[in-house]
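Observations on the model geometry
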Amino acid sequence: MYLLLYSIYIHNKFLIIQNNFTMGTDKESKTSFFNRSKNESSFIIKSCTDDDLERVKQVNEQELPEDYPFFFYKSILDNYPESFLVACPKDDFNQILGYVMWRVERTSSKNSLRLLNKGHLVSIAVSGDYRRQGIAAALLAKSMPEIQKQNITEYVLEVRVSNYSAINLYENFKFKTEGIKKKYYKDGENAYFMVYKLNEN
Ligand SMILES: CC(C)(COP(=O)(O)OP(=O)(O)OC[C@H]1O[C@@H](n2cnc3c(N)ncnc32)[C@H](O)[C@@H]1OP(=O)(O)O)[C@@H](O)C(=O)NCCC(=O)NCCS
């Protein structure tokens, strides 16, 4: 019994060290365990790597109607690696259960010509079988501080008006609906434009 526990500990430790080593700098923020009482430590949140991208794309294609070409994922990873995170089973880093990716957009502020950085949630999805285990919440909780480091003044996102689960999730993270983008999606559905302003805390 003691031997088994020790082996698992060493095994996990090895995987973490190996992953940090591959990714380079800033070890602490690159890979971390997220424990939640609902499903204690059954998954980990880690930085996405080039090797993960094809599986991230597969999760996206299964879970969302919006598909992106491979180079799009690659460019987000190249430009915003710190906030491109994936969830994997604790014992299988080759399986992707969910992902989140952000980018920074520079736009003029409402009241002046000043340009501001906004953290735009590009996409988040969790595979159907693994939902309601806190994976999306963990992905957001870990990625938002990372994109915030890019001097953003607010987080922004679009969500289908019918996507009750995602709207609930974002409201839990202090997002508020600021408006509706008519026929935002290819199939004609409207989007809520949701914003979380950082200076309003
Ligand atoms: C939205 C989505 C990412 C949530 O993933 P998840 O891992 O199941 O979410 P979590 O378990 O972390 O849940 C966090 C919160 O989201 C909300 N939520 C998630 N699923 C929900 C559901 N089916 N009904 C109502 N609220 C839900 C809840 O507020 C939940 O908190 P709670 O469990 O304390 O009530 C997932 O349903 C998904 O991948 N959907 C398809 C892709 C998608 O719509 N992406 C968003 C595009 S804008």
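Look up a bit, the structure's there.
The following paragraphs examine the structure supplied in this document. Nothing here was measured: the structure is a model prediction, and the numbers come from that model. (Residues numbered from 1 in each chain as written. Predicted model: local features only at pLDDT ≥ 70, side-chain atom pairs only at ≥ 80, totals over all residues.)

**Focus on the overall build of the protein**
Put simply, the test is: Comment: elements are numbered from the N terminus, with helices defined as DSSP H or I runs of at least four residues and strands as E runs of at least two. A residue pair is marked as a contact if its C-beta atoms, positioned from the backbone, fall within 7 Å.
Scanning the protein from N- to C-terminus turns up six helices and eight strands. The order of helices and strands in the protein, counted from the N terminus, is α-α-β-β-α-α-β-β-β-α-β-α-β-β. Put simply, 60% of the contacts in the protein that link residues at least 6 apart link residues at least 24 apart.

**Some remarks on the nonpolar core**
For clarity, the cut-off: Nonpolar core, as used here: buried Ala, Val, Leu, Ile, Met, Phe, Trp, Tyr and Cys residues forming one set through C-beta atoms within 7 Å. Any residue surrounded by 20 or more other C-beta atoms within 10 Å of its C-beta is treated as buried, while 12 or fewer makes it exposed and the intermediate range makes it partly exposed; C-beta atoms here are placed from the backbone.
V56, L85, A87, Y99, I135 and L139 are the most contacted members of the largest nonpolar core, which totals 40 residues. A per-element tally of this core places helix α5 (residues 135-148) first, with seven residues. In this structure L139 touches I45, L85, A87, G98, V100 and I124, once residues within four positions along its chain are discounted.

**Quick look at the site of the ligand**
Heads up, the condition is: Any residue whose backbone-placed C-beta atom lies within 6 Å of a molecule or strand is treated as near that molecule or strand. Side-chain classes are defined by residue name, with Ala, Val, Leu, Ile, Met, Phe, Trp, Tyr, Cys and Pro counting as nonpolar, Asp, Glu, Lys and Arg as charged, and the others, Gly among them, as polar.
Near the ligand there are 20 residues, and of these R131, A136, A137, S165 and L169 occur at the shortest range. When residues of the shell around the ligand are traced back to their parent elements, those giving at least two are β5 (115-126), α5 and α6 (164-172). Examining the composition of the shell around the ligand, we find that six residues originate from one element, α6, more than from any other. Looking at the shell around the ligand residue by residue, the classes come out as eleven nonpolar, six polar and three charged.

**Examining the packing of helix α3 (residues 53-63) against helix α4 (residues 70-79)**
What counts is decided by this rule: Axis definition: a line fitted to C-alpha atoms, limited for helices to the stretch in contact. Angles are taken between N-to-C directions and run from 0 to 180 degrees. Every angle not falling under 35 degrees, over 145, or within 65 to 115 is termed oblique; those three ranges are roughly parallel, roughly antiparallel and roughly perpendicular. Take the far helix as the reference: if the near one is turned anticlockwise from it by less than a right angle, the crossing is left-handed, and if turned clockwise, right-handed.
Packing of α3 against α4 leaves a shortest axis separation of 10 Å and a crossing angle of 120 degrees. Classified by the interaxial angle, the pair formed by α3 and α4 is oblique. Handedness of the crossing formed by α3 with α4: right-handed. Contact residues: L53, V56 and K57 in α3; F70, Y73, K74 and L77 in α4. The residue inventory of the contact of α3 with α4, partitioned by class, reads five nonpolar, no polar and two charged.

**What to know about the pairing of strand β8 (residues 191-197)**
Put simply, the test is: In this scheme, strands are said to pair when DSSP sees at least two bridges between them.
Only one face of β8 is buried: it carries Y192, M194 and Y196, and the other face, with A191, F193, V195 and K197, is open. Where strand β6 (residues 154-160) lies against β8, seven bridges are found, and the strand directions are antiparallel. Bridge pairing links E154 to K197 in β8. Here strand β7 (residues 176-181) runs beside β8; their pairing, made up of five bridges, is antiparallel. When the sheet's bridge partners are listed, G179 is paired in β8 with F193.

**With respect to α5**
To keep things clear, this is the line we draw: By definition here, a helix of n residues has an expected span of 1.5 Å times n minus one.
Between the first and last C-alpha of α5 there are 20 Å, a value that for 14 residues agrees with the 20 Å anticipated at 1.5 Å per step. Among the 14 residues of α5, ten are classified as buried, and the element is accordingly described as predominantly covered. Within the sequence span of α5, burial applies to I135, A136, A138, L139, L140, K142, S143, M144, E146 and I147.

**With respect to unusual backbone geometry**
The phi dihedral of N151 falls on the positive side, at around 60 degrees, and the residue is not glycine. Among the secondary structure elements, N151 is positioned in the loop between α5 and β6. Taking the C-beta count within 10 Å as the criterion, N151 has 9 such neighbours and is therefore assigned exposed. At K174, a residue that is not glycine, the phi angle is positive and equals roughly 75 degrees. C-beta crowding within 10 Å serves as the criterion here: with 15 such atoms nearby, K174 is assigned to the partly exposed category.

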